[in-house]
Amino acid sequence: MKGFSHIVDLWFIFYDYREPTLAILYSAFQTSTGLLPYRQDTMTSTAIYTVDKLPYDLFSVLPLPNPIGGTLLIGNNELVYVDQAARVKAVSVNSFARKCTHLDFIEDYDLNLRLNGAVGVYLELLDDQPGAVLLVIEDGRFVQVGFKLDGRVVSSLSVKILDQSVKNDFLKSEASCIVLLNNEQLFIGSKVSNSVLLEWKRQSEIAEKLLSEPRVIFDEDREVLNDLYGEDFDIVDTSSILQRNGVFGDIQFRLFDTLYSCGPIVDMTIGRSFLSYMDQYVLDLVVATGKNRTGSVSIFK
């Protein structure tokens, strides 16, 4: 494409355009961490509009549907939202963002996240509320990106790490892709970990269902309600309670299925099995597989 060099990512925008439209993230000239004192903010985003002087470490484009619109640009140290009028909103996720760009952004250093290689998908949460973006980052954690609307304009971004307790520890390492199969299921693929098929629901939707059913509230249900509402779980107007406690959009996941991964294989050897067949020795293939938390030893017979 003429006029574009060092293209980093591109994506078709299916929303609000009559003709096929591409969102392109590219750099007019390359830079590196060592050259930041001399070359900062080298990235440019373009669709119908063009926004330049964006952080050099942006690597992914995610188009967003209405009521948000525009695109979310994902970088190693920050998230940048560009709307259809070329207005820019950004939030940092660690202290390195300030050293990488002159862009004005909301500082959220307490998150201390690294978004290198993160993949994302847009989730519609409520009919009358903006959706959220779910990111899967390099250590397998789930991050929710929320959008605050002022009328029809996004006024700010919010970033929240979702519950990573043992029951929600679905992914052990980074994801290579994430696909929304329907309004309730997600497939998250990984090259170095087991891929998973998840069901997702809004936490508030689960609580509203519990409150709407005339039945005895058991201890495990009471814990969910207390987490959401505090001591007010018996109040009928659940939407106002949810908004007051800032829990709109929190997402709960349930594991549907797992696609087992034996890779990447680091090393292998062949040895004699402790089992025998018809008084003959049987050989096993023993391989060291995985990366970081997915490291394991697998035996193939």
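Read on for a plain summary of the structure.

Criteria and cut-off values
- Residues numbered from 1 in each chain as written.
- Predicted model: local features only at pLDDT ≥ 70, side-chain atom pairs only at ≥ 80, totals over all residues.
- Heavy atoms only, no water.
- Pairing = 2+ DSSP bridges.
- Helix = DSSP H or I, 4+ residues; strand = E, 2+ residues; numbered from the N terminus.
- Axes fitted to C-alpha atoms, helices over the stretch in contact; angles between N-to-C directions.
- Buried < 20%, exposed > 50% of the residue type's maximum accessible area, 1.4 Å probe, protein only.

### Observations concerning the sheet that holds strand 10 (residues 132–136)
Stage number 1. Spatial ordering of the open sheet is given by 9-10-11-12, a layout of four strands whose pairing is antiparallel. This sheet does not close on itself; its edge strands, each paired only once, are strand 9 (119–123) and strand 12 (153–161). The sheet shows a mean angle of 25° between the axes of neighbouring strands, direction not considered.
Stage number 2. By the bridge criterion, eight bridges tie strand 11 (residues 142–150) to strand 12 in an arrangement that is antiparallel. Bridge pairing in strand 12 links Gln144 to Lys160.

### Overview of unusual backbone geometry
Stage number 1. Residues Asn66 and Pro67 are joined by a peptide bond in cis, for which omega reads 10°.
Stage number 2. Its place among the elements puts Pro67 in the loop between strand 5 (58–63) and strand 6 (71–75).
Stage number 3. Backbone geometry places Ala86, a non-glycine residue, at a positive phi of 65°.
Stage number 4. The residue Ala86 is located in the loop between strand 7 (78–82) and strand 8 (88–92) in this model.
Stage number 5. By relative accessible area, which is 29% here, Ala86 ends up partly exposed.
Stage number 6. One non-glycine residue, Asn112, adopts positive backbone phi at about 50°.
Stage number 7. Summarising the element assignment, Asn112 is placed in the loop between helix 1 (97–100) and strand 9.
Stage number 8. Taking relative accessible area as the criterion, Asn112 reaches 59% and is therefore assigned exposed.

### Notes on the sheet that holds strand 16 (residues 251–259)
Stage number 1. Across the sheet, four strands lie side by side as 13-14-15-16; this open sheet has antiparallel pairing. Looking at strand neighbours, the two that pair on one side only are strand 13 (177–180) and strand 16, the edges of this open sheet. Shown here is a sheet whose adjacent strand axes are inclined to one another by a mean of 25°, direction ignored.

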